[in-house]
Amino acid sequence: MHTRDKLLAVRLASVEVIPYALPFRAPYVTARGELSERQMVLLRIRDEEGLTGLGEAVPLSLRGGATLEHVVKELGALDESGTLDRAIRTLAGEDALGPGSESFEGEELVSAPARCAALTALRDLSERQRHARGEDGASASPIPCNATLVAGAPQAVAEDALHWAQRGFTTFKLKLGAGDDVAQVRAVREAVGPEAAIRVDVNGAWPLHTAGRLLKELEPYGIEFAEQPVAEVEEAAELAWQTTIPLAGDESVGSAHDAERAILLGAFRLTGIKLSKVGGIPEAMKISSLLHSYVTSALDGPVGIAAGARLAQAIASEAANPFAPRFAHGLATQRLFAGSVAAVECELRDGMLHPPAGPGLGVEIDEDALQGRRL
């Protein structure tokens, strides 16, 4: 991206920081607990011409990250800045495309979710400005996605898998660590058949000795990969020698530095990337240059999903090796919610995520729905 000088010259006419929540259709159950709703923060910036840029932050406080209140405070600093120059330096560090390292009000490092929201909004605004000038925008090719199956009774999980399969999904991600793990995988494999891809996500909940035993039991079911089966990267390096199932990172890979360390230790063959966890697309692209990567949702709202789709497209186009493996992305989680705050957003059809055709990310907010979901 070579638009930093243009971005720095643009003044913001207004900034909105809107915390809101989306309820789940059914409780979202993982090894880390149960959620009835997802809380997040919408960032909306406008330039003096009235063009809008949207960003979104998903606080990951259950994983030890910044709280919703802290992220709102960080993004609120934009209200005091008035210019994109100040916004970039405050929320993204001296390098507009870097991971960010400056402190917030002299206290602590700017959180990854706030950085993600700021950089996403800046990118969205920049692309809308280029569209207004008649310049070509980014492509909007569809993204293959996996189904996300929350933990539960084996038969219930299998029935859920069939519902996703009827909508064109052929890759299934099971959340394990909160029930009879092997029975859930067996039931899903029997339901979806031998050709479907099954991956498992443990969110680091298994002790090392348990992980070794359970992965051995899961090997006959043709597991595509196991995401974060243990909490520590050192444990994953040891576990990798005990199973034929490829191991993928998630919680353990939040930066390019983490990816390099995982490679040196031989812990992971690939990794999932959550934009709010790594701080935005620039750091995500650094990670994907080191490890085979797929994009996963942090249970994002419509803006975060659209940004994730953009990242998935960038990963595919930037892959140096045309024979590198391609993975379905975990960006179909909007099906888990009972509503949305968008009038226009990505659409799921036949197992594929279709980005909106409009300028920038293409997302348009439903103001009434947003007001009804505000926190």
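Worth saying up front: this structure is predicted, and the values here are computed from it rather than measured.

A. Representation of the packing of aromatic side chains within the structure. All told, the structure shown has six aromatic pairs when counted by the stated rule. Geometrically, the ring pair formed by W164 and F169 is edge-to-face, given 4.9 Å between the ring centres and 80 degrees between the ring planes. The residues W164 and F169 share a single accessibility class, namely buried. Each member of the aromatic cluster is reached from another via a ring pair, and the members are F24, Y28 and F337. A cation over an aromatic ring shows up here: R199 above the ring of Y294, its NZ or CZ 5.3 Å from the ring centre.

B. Main features of unusual backbone geometry. At N203, a position not held by glycine, the phi torsion is positive, near 55 degrees. Note that N203 resides in the loop between β9 (197–201) and α7 (208–218). One non-glycine residue, D350, adopts positive backbone phi at about 55 degrees. Overall, D350 belongs to the exposed group, its relative accessible area being 64%.

C. Structural view of the sheet that holds strand β2 (residues 33–47). In space, the three strands of this open sheet follow the order β1-β2-β3, with antiparallel pairing throughout. On the outer flanks of this sheet lie β1 (12–30) and β3 (52–57), each paired with one strand and no other. Between one strand axis and the next, the sheet turns through 20 degrees on average, direction left out of account. As paired strands, β1 and β2 are joined by 14 bridges and run antiparallel to one another.

D. Local environment of the pairing of β9. Of all five residues that make up β9, four are buried, and the element is covered over most of its length. Each parallel crossover has a hand, and the one from strand β8 (residues 171–175) via helix α6 (residues 181–192) to β9 is right-handed. In terms of strand pairing, β9 meets strand β10 (residues 223–227) through three bridges, oriented parallel. Each bridged residue has a counterpart across the sheet, and for V200 the counterpart in β10 is A226. On the question of chirality, the crossover connecting β9 to the parallel β10 by way of α7 is right-handed.

E. Up close: the nonpolar core. The biggest cluster of nonpolar side chains holds 83 residues, and the ones touching the most others in it are F172, L174, L218 and L311. In terms of residue count, helix α12 (residues 302–318) provides more of this core than any other element does, eight residues in total. Once residues within four sequence positions are removed from consideration, L174 is found in contact with L149, Q184, V185, V188, I198, R199, V200 and D201. One finds L12, V17, A118 and L122 within the second-largest nonpolar core, a separate group that totals 19 residues.

Cut-off values and rules
Residues numbered from 1 in each chain as written. Predicted model: local features only at pLDDT ≥ 70, side-chain atom pairs only at ≥ 80, totals over all residues. Heavy atoms only, no water. Phe/Tyr/Trp six-rings, centres within 6.5 Å; stacked < 30°, edge-to-face > 60°. Buried < 20%, exposed > 50% of the residue type's maximum accessible area, 1.4 Å probe, protein only. Lys NZ or Arg CZ within 6 Å of the ring centre and 35° of its normal. Helix = DSSP H or I, 4+ residues; strand = E, 2+ residues; numbered from the N terminus. Pairing = 2+ DSSP bridges. Axes fitted to C-alpha atoms, helices over the stretch in contact; angles between N-to-C directions. Right-handed = clockwise from strand over helix to strand, strands pointing away. Core = buried A, V, L, I, M, F, W, Y, C linked by side-chain atoms within 4.5 Å. Contact = heavy atoms within 4.5 Å.

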